[in-house]
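# Structural description and commentary
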Amino acid sequence: MTTTQTAPARTAELALHLLDGRVSPATGARRLQREDPSGSGTVTTLVPATVEEVTAAVDAAWRARTAWRRTAPAERAAALRAAAAAVRADADRLGELLTAATGRLLGQSVESATVAADLLEEAATTGLGAAGRTLAGATGALDVVRREPRGVVAVITPWNDPFPAAAGLLAAALVTGNTVVHKPSERSAVPAWEMARLVADALPAGVVNVVNGDGETGAAVVADERVALVAHVGSTVAGRRIAAVAGARGAKVLLENGGADAIVVDSGVDPRWAAEQIATGAFTNTGQICTSVERVYVHDDVADAVVAELADVADALVVGDPADPATTLGPLVDADQLAVVEEHVRAAVDGGARCVTGGAPLDRPGSFYAPTVLDGCAPHSDAVAEETFGPVAAIVRVPDFDTALSLAGESRYGLAATVLTPDLGHALRAAEELEVGTVKVNGVFGGAPGGSADPRRDSGTGAGYGPDLLAEMTVLKTVHLEAPGA
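The following refers to the structure shown. As the structure is a prediction and not an experimental result, all values here were calculated from the model. (Residues numbered from 1 in each chain as written. Predicted model: local features only at pLDDT ≥ 70, side-chain atom pairs only at ≥ 80, totals over all residues. Heavy atoms only, no water.)

## Quick word on the nonpolar core
- Counting 53 residues, the largest nonpolar core has Val 87, Leu 120, Leu 174 and Met 473 as the members making the most contacts within it.
- The dominant element in this core, judged by the number of residues it contributes, is helix α5 (residues 162-175), at 10 residues.
- Excluding its chain neighbours within four sequence positions, the residues that come into contact with Leu 120 are Leu 80, Ala 83, Ala 84, Val 87, Ala 167, Ala 171 and Val 199. (Core = buried A, V, L, I, M, F, W, Y, C linked by side-chain atoms within 4.5 Å. Buried < 20%, exposed > 50% of the residue type's maximum accessible area, 1.4 Å probe, protein only. Helix = DSSP H or I, 4+ residues; strand = E, 2+ residues; numbered from the N terminus. Contact = heavy atoms within 4.5 Å.)

## Quick word on the packing of α5 against helix α6 (residues 189-201)
- Packing of α5 against α6 brings their axes to within 10 Å, and their N-to-C directions diverge by 30°. It follows from the interaxial angle that α5 and α6 lie roughly parallel. Relative to α6, α5 is oriented so that their crossing is right-handed. For the pair α5 and α6, the contacting residues are Pro 162, Phe 163, Ala 166, Ala 167 and Leu 174 in the first and Pro 191, Ala 192, Met 195 and Val 199 in the second.
- Among the residues making up the contact of α5 with α6, the classes are represented as 9 nonpolar, no polar and no charged. (Axes fitted to C-alpha atoms, helices over the stretch in contact; angles between N-to-C directions. Parallel < 35°, antiparallel > 145°, perpendicular 65-115°, else oblique. Left-handed = near helix turned anticlockwise from the far one by under 90°. Nonpolar A, V, L, I, M, F, W, Y, C, P; charged D, E, K, R; others polar.)

## So, the environment of Ala 84
- For Ala 84, the location among the structural elements is in helix α2 (residues 73-89).
- Overall, Ala 84 belongs to the buried group, its relative accessible area being 0%.
- For the pair Ala 84 and Ala 124, spaced 40 residues apart in sequence, the C-alpha separation works out to 9.5 Å.
- Those residues within four positions of Ala 84 in sequence are excluded, and the remaining contacts are Ala 117, Leu 120 and Glu 121.

## Some points on empty space enclosed by the protein
- In total, this model carries 1 cavity of 30 Å³ or more according to the counting rule given.
- In this structure, the largest cavity occupies an estimated 30 Å³ of space.
- If you trace the largest cavity, you find it lined by Gly 103, Arg 104, Leu 105, Gln 108, Asn 285, Thr 286, Thr 328, Leu 329 and Gly 330.
- The residue makeup of the lining of the largest cavity, split by class, is 2 nonpolar, 6 polar and 1 charged.
- Shared between two domains, the lining of the largest cavity holds at least three residues of each, these being domain 1 (11-129 + 147-257) and domain 2 (261-446). (1 Å grid on protein atoms, 1.4 Å probe; cavity = no way out; pocket = protein on both sides within 12 Å on 5 of 7 lines; lining within 4 Å. Points joined across faces, edges and corners; volume = space filled by probe spheres on them. Domains from an automatic or database assignment.)

Encoded structure:
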């Protein structure tokens, strides 16, 4: 079922950057335009930063780095707590901006801003932990290993969940004494800009600088020799380019990139529960989450029942205006993403898959696509093997758990995977054998705060959020100290 959206057409412009504590008008000649994915006709124009503006941002971060690294850790933590409070107080407005930019459901957008505040607070606590260790050396000397900030960190973040992605990386960089140049995605520039300003306002001038723009802008940030670490959340293609440029000059790179996450549905599970888990993973944020479920391996024993229940869940979703509380599935972010989803579904059906429900764009303004269940997909079709990033559950039927686990492991991606099983032995095998950053058993989303995970293969490299991310933001130095001779 659908609801209609009738918001009046509007125009907006983001032609600003944050340089050395000052909001600076953009001077570039390029213009990027983004349409409201919900079909209201609203057009936002973005003016990307020039190379000179990027250089000015790095200049400011470079100048601020010494004073910031010498700021007491407790003071840095207090600044992050102030930033968290500001983001939490403004969560409703930030959520509205995110919904307007990307089509995410309003309630989820507000929650996303709240999670960002939580991440800022979490880093303020964990950042006060151990900053080194003492070594067992000679009795007449002192030997220690110090953790020190790297210097200037570039934080390049995605459109689909920009608040937590930025907050987690900003907080880890800042609490460990680094300064930052932040480049948000052009697809969610306005909400990301507003949150970044709230964080920057809680810090000394130059500690956080924001340049708005696209891939060309990001490339200029990454290429600057003074950027010691690049932290990027986004596409695999962009991540590879960043790694090549930054790695060539010896900079550290942290990447969380694409994923085509698997879910294994074992024999003996309750079909309705399994269907609800699959739907949550495949349809939340219209399937536009890095850890969305894209590959569904279902045991033959329960496949008929699970497919029927999943189609029922999909058909009950309310597709419409993401700002309407009654809506449970919003639009895709833009026409380009809609085209990717259309192509993957079309190719799967041409390859023998059966479209149980959905399978087409909706005949209405905006980039809406019906929640789709594909049954009998070929294991290596694009809908299964590639990142569709849309509301599509691509089902592969399997004869046994061993086959499911083997197919789940056959991917160039390695971000996360889920296993639904009543068998403890199968759960333990999955945790051991699945070579991904995160394995989830009997719960498609969730997890305690403070967890860390390293994505594998094309999904990236380096620690994810949590205490281990703080370590990635620092470098080790050994100091040997002796008293002066007589």
